[in-house]
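Chain by chain, the residues:
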Amino acid sequence: MESTNDYIKRRFGVDEQKFVEVMKMSPGAEGYLHGSLSELLFKDYIESKGFEAYRIKEKPEGGYNAKSDDARGDFYIRKKGNTKDEWYVIENKGIKTNTEKHLFTLDTKDKLYRHLKSLAFPKADYLEKAYENGFNRYTKAKEKWEAKNVGKKYPDFKWDKKTPGARAFNLIGYWENIKELREWVDSLDEKSLTTESYLNLQGPIRMLATHAPSNRTAPFTGIKQAAPLVTEFNIMCVDLFQRIGVHKFVFMNPNNISHSPTSPEHLYQNYHIDYIIPGIKDDLKLQHPWYEDIEECIKQTNPIARKIDESQLDLR
């Protein structure tokens, strides 16, 4: 069998050390490899669970627009032994790696304290407020669209009041009171609050969020947003490796999560799945509509199976 160094030498004309050096300088190439590796490991995972899996072409002949509307994912899967033409389309996504940097800069203890206080000790009506805010944004978008499309009805608002918006985690109960939270934050080393620390998994918290910046145009409303469509796939699979350091998959059915408030045919680009807080919350504690086991996700959310389109299969 060809060694790793011999393969690199043959394919790239450099030794292994130089190749690694170049990879460190090329985040785009590194990201592409992360994606490919995640798909390979997902295939191993799903087959170990008793499913058969077929990869879907990334770009069929004719380009991405030639992809079937029912096959805009990465894999078709179904349980082995099932002879019916009933398949689930799986979309593999990585975790958002620059969440801390771009969504908030928690570079002081006061900022971190205020952020965690709002999550660990939320107001009693925070779910109602989140639903109300989403519905208000939806209503404005609906009125604007229907004014331009007289006689047509805007798609319905389908948020679940128990899980409104992009947030699907619970940090309640990890500190007994705000004094205890304040003392914990004050005990942290200031050096752990730098952007570099967060991105190197050395910060005091790690936010696990999806990363799905896909430009899609809604088939009914014509609205274009940088996020997937609700109908593109049956299940989203997210690899948490870049936030927790191991390849761990979590799953959700797009029909059971809050859609974009301004375009009901779209998902959000980013969903906040959970937090890891070393020493306080070291493990995942997922809440519906997120699941650690794909079979449990299927059982609890009942995705609608699809027929396979063999023209979309990548048989390489």
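What comes next is a walk through the structure. It should be emphasised that the depicted structure is a prediction, and the values quoted were computed from it without experimental measurement.

### Some words on the overall build of the chain
For step 1, the next point in the chain: Across its full length, the chain carries 10 helices and 10 strands.
For step 2, the next point in the chain: Against the 2.2 N^0.38 benchmark of 20 Å for 316 residues, the chain shows a C-alpha radius of gyration of 22 Å, consistent with a compact globule.
For step 3, the next point in the chain: Overall, the chain is about 65 × 60 × 40 Å in size when its C-alpha atoms are taken along their principal axes.
For step 4, the next point in the chain: Taking all 316 residues of the chain together, 43% fall into the buried category.
For step 5, the next point in the chain: Long-range pairs, those at least 24 residues apart, make up 69% of the contacts in the chain between residues at least 6 apart in sequence.
For step 6, the next point in the chain: Surface summary for the chain: the accessible area is close to 17500 Å², and the carbon and sulfur share equals 49%.
For step 7, the next point in the chain: In the chain, 50 positive and 48 negative side-chain charges are present, and the distance between their average locations comes to 4 Å.

### A short note on the side chain of Asn-234
For step 1, the next point in the chain: Note on placement: Asn-234 falls in the loop between strand E6 (224-226) and strand E7 (235-239).
For step 2, the next point in the chain: Owing to a relative accessible area of 5%, Asn-234 belongs among the buried residues under this scheme.
For step 3, the next point in the chain: At 2.6 Å, the side chain of Asn-234 forms a polar contact with the backbone nitrogen of Val-89.
For step 4, the next point in the chain: There is a polar contact of 2.8 Å between the side chain of Asn-234 and the backbone oxygen of Ile-304.
For step 5, the next point in the chain: Not counting chain neighbours up to four residues away, the residues in contact with Asn-234 comprise Trp-87, Tyr-88, Val-89, Met-252, Asn-253, Pro-254, Pro-303, Ile-304 and Arg-306.

### Here's the deal with the nonpolar core
For step 1, the next point in the chain: Tyr-76, Val-238, Leu-240, Val-250, Tyr-271, Ile-273 and Trp-290 are the most contacted members of the largest nonpolar core, which totals 36 residues.
For step 2, the next point in the chain: Listed by contribution, the elements that provide at least two residues to this core are helix H6 (126-148), E7, strand E8 (249-252) and strand E9 (272-276).
For step 3, the next point in the chain: A per-element tally of this core places H6 first, with four residues.
For step 4, the next point in the chain: With residues near it in sequence (within four places) discarded, Tyr-271 still touches Ala-166, Leu-208, Ala-209, Thr-210, Met-252, Ile-257, Ser-258, His-259 and Trp-290.
For step 5, the next point in the chain: Ranked by size, the runner-up nonpolar core spans 20 residues in total, among them Leu-106, Phe-169, Trp-175 and Val-185.

### Let's talk about the sheet that holds strand E2 (residues 75-79)
For step 1, the next point in the chain: The strand order E1-E2-E3-E7-E8-E10 describes an open sheet built from six strands, whose pairing is mixed. The open sheet is flanked by strand E1 (51-55) and strand E10 (290-291), the only strands paired with a single partner.
For step 2, the next point in the chain: When E2 meets strand E3 (residues 88-94), the two strands line up antiparallel, connected through three bridges. When the bridges of E3 are listed, Tyr-76 appears paired with Val-89.
For step 3, the next point in the chain: Sheet strands touched by helix H3 (residues 27-48): E1, E2, E3, E7 and E8. Its angle to E8, the strand with the most contacts, is close to 80°.

### What to know about unusual backbone geometry
For step 1, the next point in the chain: A cis amide bond, omega 15°, links His-288 with the succeeding residue Pro-289.
For step 2, the next point in the chain: Among the secondary structure elements, Pro-289 is positioned in the loop between E9 and E10.
For step 3, the next point in the chain: Even without being a glycine, Leu-201 presents a positive backbone phi close to 60°.
For step 4, the next point in the chain: Along the chain, Leu-201 falls in the loop between helix H8 (195-199) and strand E4 (206-209).
For step 5, the next point in the chain: For Leu-201, a relative accessible area of 23% puts it in the partly exposed group.

### Describing the side chain of Asn-253
For step 1, the next point in the chain: Note that Asn-253 resides in the loop between E8 and E9.
For step 2, the next point in the chain: Judged by its relative accessible area of 1%, Asn-253 falls in the buried class.
For step 3, the next point in the chain: Not counting the four nearest positions on each side in its chain, Asn-253 is found in contact with Asn-234, Pro-289, Cys-297, Thr-301, Asn-302 and Pro-303.

### Regarding the pattern of salt bridges
For step 1, the next point in the chain: Under the criterion given, the structure shown has 16 salt bridges.
For step 2, the next point in the chain: Among the salt bridges present, the one from Lys-79 reaches Glu-295, with a minimum N-O distance of 2.7 Å. With Lys-79 in strand E2 and Glu-295 in helix H10 (residues 294-301), this residue pair connects regions lying 216 residues apart in the sequence.
For step 3, the next point in the chain: Judged by relative accessible area, which is 30%, Glu-295 ranks as partly exposed.
For step 4, the next point in the chain: If you follow the salt bridges from partner to partner, you end up with Lys-49, Lys-79, Asp-293 and Glu-295 in one network.

### Topic: the packing of aromatic side chains
For step 1, the next point in the chain: Per the counting criterion, the structure on display carries 20 aromatic pairs.
For step 2, the next point in the chain: With a centroid separation of 5.8 Å and 50° between ring planes, the pair formed by Tyr-45 and Phe-249 is classed as tilted. Residue Tyr-45 is located in helix H3, and its partner Phe-249 is located in strand E8; the two are separated by 204 residues in the primary sequence.
For step 3, the next point in the chain: You can call Phe-249 buried: its relative accessible area is 7%.

Rules and cut-offs
Throughout, residues of each chain are indexed from 1 in the direction in which the sequence is written. In keeping with the model being predicted, local features are shown solely for residues with a pLDDT of at least 70 and side-chain atom pairs are shown and tallied solely at 80 or more, while totals for entire chains, interfaces and linings include all residues. Excluding hydrogens and water, the side-chain figures rest on all heavy atoms present in the structure. Helix and strand definitions here come from DSSP, where helices need a minimum of 4 consecutive H or I residues and strands a minimum of 2 consecutive E residues; each element is numbered from the N-terminal end. Computation of the radius of gyration draws on C-alpha atoms alone. For the globule rule, the value is 2.2 Å times the number of residues to the power 0.38. Residue burial is assigned from relative accessible area. The probe radius is 1.4 Å, only protein chains are included, and a residue is buried under 20% of its type maximum, exposed over 50%, and partly exposed in between. Contact definition: two residues touch when any of their heavy atoms are within 4.5 Å. Working definition of accessibility: Shrake-Rupley area with a 1.4 Å probe, residue cover restricted to the visible protein chains. In this tally, Asp and Glu contribute negative charge and Lys and Arg positive charge; neither His nor the terminal groups of the chain are included. Positions of charges follow a simple convention, taking NZ of Lys, CZ of Arg, CG of Asp or CD of Glu. Polar contacts, as used here, are pairs of N or O atoms within 3.5 Å; protein pairs need one atom able to donate a hydrogen and one able to accept it. Residues neighboring in sequence count only if both atoms are side-chain atoms. The set of buried Ala, Val, Leu, Ile, Met, Phe, Trp, Tyr and Cys residues whose side-chain atoms join them within 4.5 Å is what this entry labels a nonpolar core. Pairs of strands are assigned from DSSP output, requiring at least two bridges between the strands. For every element, the axis is a line fit to its C-alpha atoms; helices are fit only across the contacting stretch, and the angle between N-to-C directions ranges from 0 to 180 degrees. The term salt bridge refers to a pairing of a side-chain nitrogen on Lys or Arg with a carboxyl oxygen on Asp or Glu at a separation within 4 Å. Ring pairs are drawn from Phe, Tyr and Trp, using the six-membered ring of Trp, whenever the two centres fall within 6.5 Å, and their geometry is named by plane angle: stacked under 30 degrees, edge-to-face over 60, tilted for the rest.

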